[in-house]
Amino acid sequence: QVQVVESGGGLVQPGGSLRLSCAASGTIDNIYAMEWYRQAPGKQRELVASINSGGITNYADSVKGRFTISSDNAKKTVYLQMNRLKFEDTAVYYCNADLRVSRQSDYRDYWGQGTQVTVSS
């Protein structure tokens, strides 16, 4: 079985920083990419940042220059460093791992339970 677990959320003031972590564990043959999504109350879930096994990153326009995604492939962990946080960054942040459990299986998405990030003064 595969588990994806996020950590690092919390309450922060505007302009502050937080670092989220996401670890994938279990029977994993290969991870193609890991992504951070977020969902604010009343809004659709949106892609925040992604990184693939080759280290190629992608960011939503709203977070470019403020957020940085990185990974430790050996630990099957991805991080999201969030700087200069704004009120509108408040959301539940979800991690998704696009992986396969064996060479015979297809790649599929595995989601974490989410971690709350609240930006408030």
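The model shown is predicted, which means the values in this text are computed figures rather than measured ones.

**Q** Kindly report on the packing of aromatic side chains, identifying the contributing residues and their values.
**A** Counting across every chain of the model gives two aromatic pairs. Aromatic side chains Tyr-32 and Tyr-107 sit 6.3 Å apart centroid to centroid with 70° between the ring planes, which places their arrangement in the edge-to-face category. With Tyr-32 in strand 4 (residues 30-39) and Tyr-107 in the loop between strand 9 (91-100) and strand 10 (108-111), this residue pair connects regions lying 75 residues apart in the sequence. By relative accessible area, which is 44% here, Tyr-32 ends up partly exposed. A relative accessible area of 35% places Tyr-107 in the partly exposed class.

**Q** Please give an account of the pattern of salt bridges that cites residues and values.
**A** In total, this model carries five salt bridges according to the counting rule given. Salt-bridge contacts for Asp-89 lead to Arg-66; the nearest nitrogen and oxygen are separated by 2.7 Å. With a gap of 23 residues between them, Asp-89 in the loop between strand 8 (77-82) and strand 9 and Arg-66 in the loop between strand 6 (57-59) and strand 7 (67-72) connect regions that are remote in the sequence. In this structure, a network of salt bridges that share partners links the residues Arg-38, Glu-46, Arg-66 and Asp-89.

Thresholds applied
- Residues numbered from 1 in each chain as written.
- Predicted model: local features only at pLDDT ≥ 70, side-chain atom pairs only at ≥ 80, totals over all residues.
- Heavy atoms only, no water.
- Phe/Tyr/Trp six-rings, centres within 6.5 Å; stacked < 30°, edge-to-face > 60°.
- Helix = DSSP H or I, 4+ residues; strand = E, 2+ residues; numbered from the N terminus.
- Buried < 20%, exposed > 50% of the residue type's maximum accessible area, 1.4 Å probe, protein only.
- Salt bridge = Lys/Arg side-chain N within 4 Å of Asp/Glu carboxyl O.

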